[in-house]
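Coordinates in review
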Amino acid sequence: MHDSVEHTLLLIGAMMLLGLLGETLGKRTQLPRVTILIGLGLAVGPLGLAWLPSGQLPWFDFVATVALTMIGFLLGGKFTGRTFRLYGKQSLWLAFGITVGTFAVVCGGMVAVGIELPIALVLAGVSLATDPVATLESVEDGGFDSPLLNLLSGIVAMDDMWGLVLFGLVMTAVGVAVEGSYQAHYIWIGLWEMFGGIGLGIALGLPMAALSGRINKGK
């Protein structure tokens, strides 16, 4: 298949139709929607029937980034002032414990089997990535609203935040270790990425919250 606008649009349309099919099956059966969608993706992807043309795969990373950004926005949107006062502190520290514990177990296990420390640090940092989509979909599919589910949603959101912070620190440490000497720019890069991301989130989040609240109250 040639890489053209027509084929790209057809591919996007077909993927959307599959998504609607998964949504319909999820509503008519007891299977979680996220399970159905993952199964459909595997079925048409390179590991399955390989219906997706290889020429279209490079822009999948961009699509995945946009989708994960939207998921993060939706998770953050669940933290109203009242919810954050009730569950924010618990979510923050529970997620911190999960993140640090996961990092310590993965890094320590790799070092124990003989993997070099810089590689172990990087892989342990990567292991902190979670799948908030599965948790969010399971909570939404259940249709329940309870303190435990609100706390769970908060932990998932905070877990990704702590994971990004720790990964930034780890990459800075690995850069220093590989260079063999302290380089101030590594620290500045790490701080820029962390606090720059927070600042950008605030700068975009406040006007987006005001606008979305005016479009549909409470959403």
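Residues numbered from 1 in each chain as written. Predicted model: local features only at pLDDT ≥ 70, side-chain atom pairs only at ≥ 80, totals over all residues. Heavy atoms only, no water.

This next bit is on the packing of helix 1 (residues 5-28) against helix 2 (residues 33-44). The packing of two helices is summarised by the inter-axis angle and the distance between the axes. The N-to-C vectors of helix 1 and helix 2 enclose an angle of 145°; their axes lie 8 Å apart at closest approach. Handedness of the crossing formed by helix 1 with helix 2: right-handed. Of helix 2, the residues touching helix 1 (which contributes Leu18, Gly19, Gly22, Glu23, Leu25 and Gly26) are Arg33, Ile36, Leu37, Leu40 and Val44. Considering only residue class, the contact of helix 1 with helix 2 consists of six nonpolar, three polar and two charged. (Axes fitted to C-alpha atoms, helices over the stretch in contact; angles between N-to-C directions. Helix = DSSP H or I, 4+ residues; strand = E, 2+ residues; numbered from the N terminus. Left-handed = near helix turned anticlockwise from the far one by under 90°. Contact = heavy atoms within 4.5 Å. Nonpolar A, V, L, I, M, F, W, Y, C, P; charged D, E, K, R; others polar.)

All right, on to the nonpolar core then. If you look at the biggest cluster of nonpolar residues, it comprises 10 residues: Phe103, Cys107, Met110, Ala120, Leu121, Ala124, Leu128, Leu166, Val170 and Val174. Elements supplying a minimum of two residues to this core: helix 4 (81-112), helix 5 (117-126) and helix 7 (147-179). For Met110, the residues in contact, after removing those within four places along its chain, are Ile115, Ala120 and Leu123. If you look at the next biggest cluster of nonpolar residues, it comprises five residues, including Tyr87, Ala95, Leu151 and Ile155. (Core = buried A, V, L, I, M, F, W, Y, C linked by side-chain atoms within 4.5 Å. Buried < 20%, exposed > 50% of the residue type's maximum accessible area, 1.4 Å probe, protein only.)

Function-wise, these values are silent; they only describe arrangement.
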